[in-house]
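# Summary of structural features
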Amino acid sequence: PKMAAAAGGGGGGGGGGRPGLAELPGELLELILCCGVLGAADIGRVACTCRRLRDACQPRGKVWRECFRLRWPSLLKYYSHTDGVSWLEEYKARHNAGLEAQRIVASFSKRFFSEHVPCDGFSDIETLGCPSHFFEDELMCILNMEGRKGLTWKYYAKKILYFLRQQNILKNLKEYLQRPTDQQSFLEGAVLIDQYCNPLSDICLKSVQTQVDDITDKVRKVLRTKNARHPSLASKAGEVLIPEVELQRQVLDAMNCVLYEQLKYKGNELDYYNSLNSYIHQVLIRRTGIPISLSVLYLTIARQLGVKLEPVNFPSHFLLRWCQGKEGSTDIFDYTYIDAFGKGKQLTVKECEYLIGHHVTEEFYGVVTSKEVLQRMVGNLLNLGKRESTDQSYQLLRDSLDLYLAMYPDNVQHLMLQARLYFHLGIWPEKVLDILQHIQALDPSQHGAVGYLVQHTLEHIERRKEEVGPEVKHRLDEKHKEVCFSIGLIMKHKRYGYNCVIYGWDPACMMGHEWIRNMNVHSLPHGPHQPFYNVLVEDGSCRYAAQENLEYNSEPREIPHPDIGRYFSEFTGVHYLANTELEIRYPEDLELTRATAQKIYNSGKE
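In this text, all values refer to a predicted model and were calculated from it rather than measured experimentally. (Residues numbered from 1 in each chain as written. Predicted model: local features only at pLDDT ≥ 70, side-chain atom pairs only at ≥ 80, totals over all residues. Heavy atoms only, no water.)

### Considerations on the pattern of salt bridges
Across all of its chains, the model carries 21 salt bridges by this definition. In this structure, Asp539 engages Arg543 in a salt bridge whose closest nitrogen and oxygen atoms are separated by 2.8 Å. Taking the relative accessible area as the measure of exposure, Arg543 reaches 32% and is therefore partly exposed. If you follow the salt bridges from partner to partner, you end up with Arg94, Asp137 and Glu138 in one network. (Salt bridge = Lys/Arg side-chain N within 4 Å of Asp/Glu carboxyl O. Buried < 20%, exposed > 50% of the residue type's maximum accessible area, 1.4 Å probe, protein only.)

### Some points on unusual backbone geometry
Despite not being glycine, Arg287 has its phi angle at roughly 60°, a positive value. Locating Arg287 in the fold gives a position in the loop between helix H13 (280–286) and strand E2 (288–289). Of the residues examined, Arg287 reaches a relative accessible area of 35% and is grouped as partly exposed. The residue Asn520 is not glycine, and still its phi comes out positive at about 55°. Mapped onto the elements, Asn520 comes out in the loop between helix H21 (513–518) and strand E9 (532–537). On the basis of relative accessible area, Asn520 is assigned to the partly exposed category, the value being 47%. (Helix = DSSP H or I, 4+ residues; strand = E, 2+ residues; numbered from the N terminus.)

### Re the UniProt feature "domain: Hemimethylated DNA-binding" (unreviewed entry) in the protein
Here, UniProt's "domain: Hemimethylated DNA-binding" (unreviewed entry) annotation points to residues 482–579. Across residues 482–579, helical content stands at 10% and strand content at 34%; the span's end C-alpha atoms are separated by 24 Å. (UniProt positions renumbered as here; feature names shortened; annotations may be inferred.)

Structure representation (structure tokens):
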């Protein structure tokens, strides 16, 4: 190879030949080997040519470190101390982790195509033989592939990454809950919930804390104009609480000025039930939220400025309380109550009751722990998850149930809800049995509901064992002669105007009588006795549409549906290409789709 020749030199023992790599000065040699043109294989070959080049390419040296950095720059953050690291071994480990990740991702389509989510979990991923951050990095590389190809790989890489990150976040949450109460930051707890529900987003406590610190600095600037000698302006402010009520009041006034007047934070009254209101990083971005998320932000800033506010689990409207009397007082009238949702308004006990429209007992004015604050935040997300109807995978409900049961693993009500949800979705039947066994041990009175679910879950497991493979639909079959459209075509609904892509078809409506009646199918000219198509719609829904209601889309576009990669491997610009698993089920559709899409495209250009 040319590299070996260059390494060996050009002129033998002397004469006028050009010097080889081994004869170059050390700094120049290192510069050439680190330039980024040479790959790992090249460096490996160079190192085999002579002792000097082997020394230059030693495993712990700069050349292999630079090779690793150029190939995987995002991984250097995991090395706080680089001395003594064998970069050659790290390179090999990351390379092998990449191969393992690709193998697992490639296997997922075949294993889980017929299930909405993997039915038997991720057991092979849980026993990885490589560092998890290497595996995750390869998954991110797959997700960041440019272009419209690799859709199926991206789909399953996303699912795997979602699972891995949630497992790690759940571990961090359990460690957080085991700490003494005074070491459980309300902000950190809110970030953990945010991370678990948004594992693919770049959310970390450090960046959230930095944004909160920026707001705190703005408050100090306002405070300085009012009282230049205020103790909150000291370098160690926040470490010591301010005892004087009047000085505390000045801090709260400055906070209200910055948050609600300068930065325009406000309670989201118009879109109260949006889950984004519960995620602390979104509260900071959008400057709006619900009472509890805004209270966590308000409380955190106040404590950084030396004012102790406490969370109050007030019904229907989360509040903070500020002590006006003796510290630790049990008299609810010794406190002023703060509504962070209502621009920091300070309320009396009577005004708190006016806020929710009815009288409450004294217990509801008491302070709550960080765990109880998290419980209420997760409870809000649980209720939102139950309300959501467009998400057919119930992801928010599943995530919030995971969080709740991480805090209260023996809560029978939520364990039963989780078992019913998994049963309804047809996922993880073995886990459903484990949950039901746990419920039965905790509360034997649940034997009726448990017995029903156990019986039907066992039947589901047996049916899965008896499955004989996918149904294959051939175009030449006489009963399919009326089917006009094919898999992967971009269509438009004549009546409702939505854009969609076909991912399945039946020669006639295969839904039950109740669905046919509810959807008023008999009012169609051809009724249920015409081909029906499974379509992925641009709004994220999946629908079952009659042939007479669909038409070719003369201006085909990508369909932004979360399940697109489950069925298709590529968008060509005019149609989707079925992945291997879908093509097995509709073997003649691929060529028909190509020909039809090209004809539509050509007619559109004319």
